[in-house]
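Topology and contacts: notes
Okay, here's what each chain looks like letter by letter:
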Amino acid sequence: MRPMAAPNELRQLALAYLAEPDPELKSSAVNRLFLHWQQGELTLDVAAKLHSDLAIPGRPAKPVLVPPLQVKRRAMNTVAGRAALIHALCHIEFNAINLALDAIWRFDGMPTDYYADWLKVASEEASHFNLLKDHLQHLGFAYGDFDAHNSLWEMVDKTKHDVLARMALVPRTMEARGLDALPALRAKLAQAGDELAAAILDITLRDEVGHVAIGNRWFNYLCQQHCVAPLPTFEALCLTYVAPRLRGPFNLAARREAGFTEAELSALSAE
């Protein structure tokens, strides 16, 4: 890792690990960072306005990133088809590590719990990544063997100047799509006989409910701080940042558990 001016400060370390291109080094470093935080071994400077000349996020040479429609779909009744799906999920989790680290270092002036929440998310995403990566290797493939797209990080980059927009459009929109998609993907993998992959998705869905809930927590906190109503603010941000339109079916039970209100779910269903 690159030398840091304050080697035990959480936000600077988050930035350093965000810039790390090696996925295994990144995921292991994030898990250690979470452990050190839990043990009280890190400081936190919420007021620091950090800047970076590093290329972020750090990512390996592969997978090759292509537009979403150019990512090949493969039949689920083949090992390669299941591996392609696992690879796509693995890539999402790698990007999710990065988005959690970015939320920590980029936005100053938030309460301590905000940074602790996103560090927990980063650690859980790293665990998901490792579970999927190891299962991919069990199937005879490696992370990077298939093309991938970059839609999740593109929205992270678009919202880099506004923490309210970030909370609205990344965890509550892009990541919340996983709550809707994961049950169907789990069913496909189970039907194909891949019970281990299905079990991994059970863990992922359980944790993702918590991650979306964290996004909801801090979006609503920021709306309160700005004295704005959450639902119209969210709708305006979707228009401003050209967020993708969400299509059903929606996992309303998981979304309720993650803190979406009935008014928000009604607006979503009306779309």
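Residues numbered from 1 in each chain as written. Predicted model: local features only at pLDDT ≥ 70, side-chain atom pairs only at ≥ 80, totals over all residues. Heavy atoms only, no water.

Focus on the overall build of the chain
How we decide: Helical segments are the DSSP runs of H or I of at least four residues, strand segments are the runs of E of at least two, and each set is numbered from the N terminus. To get the radius of gyration, use the C-alpha atoms; to get the globule rule, take the number of residues to the power 0.38 and multiply by 2.2 Å. Burial classes follow relative accessibility: with a 1.4 Å probe on protein chains only, a residue under 20% of its type's maximum area counts as buried, one over 50% as exposed, and anything between as partly exposed. For this analysis, residues touch if any pair of their heavy atoms sits within 4.5 Å. Only the protein chains shown count as cover for residues, and the accessible areas themselves come from Shrake-Rupley with a 1.4 Å probe. Two residue types count as positive, namely Lys and Arg, and two as negative, namely Asp and Glu; His and chain ends fall outside the count. To locate a charge, take NZ of a lysine, CZ of an arginine, CG of an aspartate or CD of a glutamate.
The secondary structure content of the chain amounts to ten helices and zero strands. Taken from the N to the C terminus, the helices and strands of the chain come in the order α-α-α-α-α-α-α-α-α-α. Rg of the C-alpha trace for the chain: 18 Å, near the compact-globule value of 18 Å for 271 residues, within the 12% margin. If one aligns the C-alpha atoms of the chain with their principal axes, the spans along those axes are about 50 × 50 × 35 Å. Here the chain, with 271 residues, has 50% of them falling under the buried criterion. Long-range contacts, defined as pairs at least 24 residues apart, comprise 78% of the intrachain contacts of the chain with a sequence gap of at least 6. As displayed, the chain offers around 12700 Å² of accessible surface, 55% of which is attributable to carbon and sulfur atoms. Here the chain holds 27 positive side-chain charges and 32 negative ones, and the gap between their average locations is 5 Å.

Things to note about the state of the cysteines
Which entries qualify depends on this criterion: Pairs of cysteine sulfur atoms within 2.5 Å are identified as disulfides in what follows.
In the structure shown here, the tally under the stated rule is zero disulfides. Cysteine Cys223 is unpaired, with the sulfur of Cys227 as its nearest cysteine sulfur at 10 Å. Assessed through its relative accessible area of 0%, Cys223 is described here as buried.

Thoughts on the nonpolar core
Defined as follows: What makes a nonpolar core is a set of buried Ala, Val, Leu, Ile, Met, Phe, Trp, Tyr and Cys residues whose side-chain atoms join them at distances within 4.5 Å.
Counting 72 residues, the largest nonpolar core has Leu101, Tyr114, Trp118, Met167, Leu169, Phe219 and Leu237 as its most contacted members. Sorting the residues of this core by element identifies α1 (10-18), α2 (23-38), α3 (79-106), α4 (112-138), α5 (151-158), α6 (163-191), α7 (195-226) and α8 (230-240) as the ones contributing at least two each. Ranked by residues supplied to this core, first place goes to α3 with 15 residues. Contact partners of Trp118, with chain neighbours within four places excluded, come to Leu99, Ala100, Ala103, Ile104, Met167, Pro171, Ile214, Gly215 and Trp218. The next biggest cluster of nonpolar side chains, apart from the first, holds eight residues, and it includes Leu179, Val212, Ala254 and Ala258.

Let's talk about α5
Spelled out, the test is: Directions drawn from the helix axis to the C-beta atoms are what define this arc.
Looking at α5, one finds that the buried residues are Leu152, Trp153, Met155 and Val156. Take α5 and look down its axis: the buried residues cluster within an arc of 155°, on one side only. Of the surrounding secondary structure, the elements contacted by the buried residues of α5 are α1, α3 and α6.

Some words on the pattern of salt bridges
When charged atoms on two side chains of opposite charge get close, those side chains can pair. This is how it is decided: Every case where a carboxyl oxygen of Asp or Glu lies within 4 Å of a side-chain nitrogen of Lys or Arg is listed as a salt bridge.
A complete count under the given rule lists 15 salt bridges for this structure. The partner of Asp202 in a salt bridge is Arg186, and the shortest N-O contact between them spans 2.7 Å. Of the two residues, Asp202 is situated in helix α7 and Arg186 in helix α6; the sequence distance between them amounts to 16 residues. The class for Asp202 is partly exposed, based on a relative accessible area of 39%. Exposure remark for Arg186: the relative accessible area of 27% places this residue in the partly exposed category. Its salt-bridge partner being Glu262, residue Arg256 comes within 2.6 Å of it at the nearest N-O pair. Classification of Glu262 as partly exposed rests on a relative accessible area of 44%. Overlapping salt bridges bring together Glu24, Lys133 and Asp134 as one network.

With respect to the environment of Glu154
On the secondary structure map, Glu154 appears in helix α5. With a relative accessible area of 46%, Glu154 lands in the partly exposed category.

A closer look at the confidence of the model for the chain
Rules: pLDDT expresses how confident the predictor is about each individual residue, on a scale running from 0 to 100.
This prediction gives the chain a mean pLDDT of 93; 98% of its residues lie at or above 70. Summarising per-element confidence for the chain, the mean pLDDT is lowest in helix α10 (residues 262-270) (91) and highest in α4 (98). The model gives residues 1-5 a pLDDT under 50, and that stretch makes 14 contacts with residues more than four places away or in other chains.

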